Amino acid sequence: QVQLVESGGGLVQPGGSLRLSCSASGTGSIFNVYVMSWYRQAPGKQRELVATITSGDSTNYADSVKGRFTISRDNAKKTVNLQMDSLKPEDTAVYYCNAKWTLLKLKYDYWGQGTQVTVSS
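Report on the accompanying structure. (Residues numbered from 1 in each chain as written. Predicted model: local features only at pLDDT ≥ 70, side-chain atom pairs only at ≥ 80, totals over all residues. Heavy atoms only, no water.)

**Digging into the packing of aromatic side chains**
Within the structure shown, the criterion is met by 5 aromatic pairs. Between Y34 and Y110, the ring centres sit 6.4 Å apart and the planes meet at 55°, which makes this aromatic pair tilted. Taken together, the positions of Y34 in the loop between β3 (18-25) and β4 (35-41) and Y110 in strand β10 (residues 106-111) put the pair 76 residues apart, joining distant regions of the chain. Pairwise contacts between aromatic rings join Y34, W101, Y108 and Y110 into one cluster. Stacked on the ring of Y96, the Lys or Arg R47 has its end atom at 3.8 Å from the ring centre. Between R47 and the ring centre of W111, over which it is positioned, the NZ or CZ distance is 4.7 Å. (Phe/Tyr/Trp six-rings, centres within 6.5 Å; stacked < 30°, edge-to-face > 60°. Helix = DSSP H or I, 4+ residues; strand = E, 2+ residues; numbered from the N terminus. Lys NZ or Arg CZ within 6 Å of the ring centre and 35° of its normal.)

**Thoughts on the pattern of salt bridges**
Going through the model one piece at a time under the given rule, you end up with 5 salt bridges. When the shortest N-O distance is used, the salt bridge between D63 and K66 registers 3.1 Å. When its relative accessible area of 65% is taken as the criterion, D63 is described as exposed. Among the residues examined, K66 registers a relative accessible area of 48% and is labelled partly exposed. The residue D91 makes a salt bridge to R68 at a minimum N-O spacing of 2.8 Å. With D91 in the loop between β8 (79-84) and β9 (93-103) and R68 in the loop between β6 (59-61) and β7 (69-74), the pair connects residues that are 23 residues apart, well separated along the chain. R68 matches D91 in its accessibility class, with the two residues each being buried. The network of salt bridges with common partners includes R40, E48, R68 and D91. (Salt bridge = Lys/Arg side-chain N within 4 Å of Asp/Glu carboxyl O. Buried < 20%, exposed > 50% of the residue type's maximum accessible area, 1.4 Å probe, protein only.)

Next up, the structure:
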């Protein structure tokens, strides 16, 4: 089974930075084919897509985080990171790592347990 474990969350003041990391296991030698994403869910809100990175290192960001967040991956280490700068109180949420892979009709979709990010003065 694929396991995703997030780390790096915590409490930070507005304008500060955090770097989240997601470590994958159980992917064998095919981690590189997974599309990796970060989602977040604030209290009472729907879970939303924050950033995505493909196997070819193409990236996509939610409008709310463009220019502030950077997603990256290290296929050798089987990790995906989210560098978060200029944090705002609105960024407060539980952040989840997600991995997706498709092969013909087979679809794989995995989630981590999440890590809390709190932006507050």
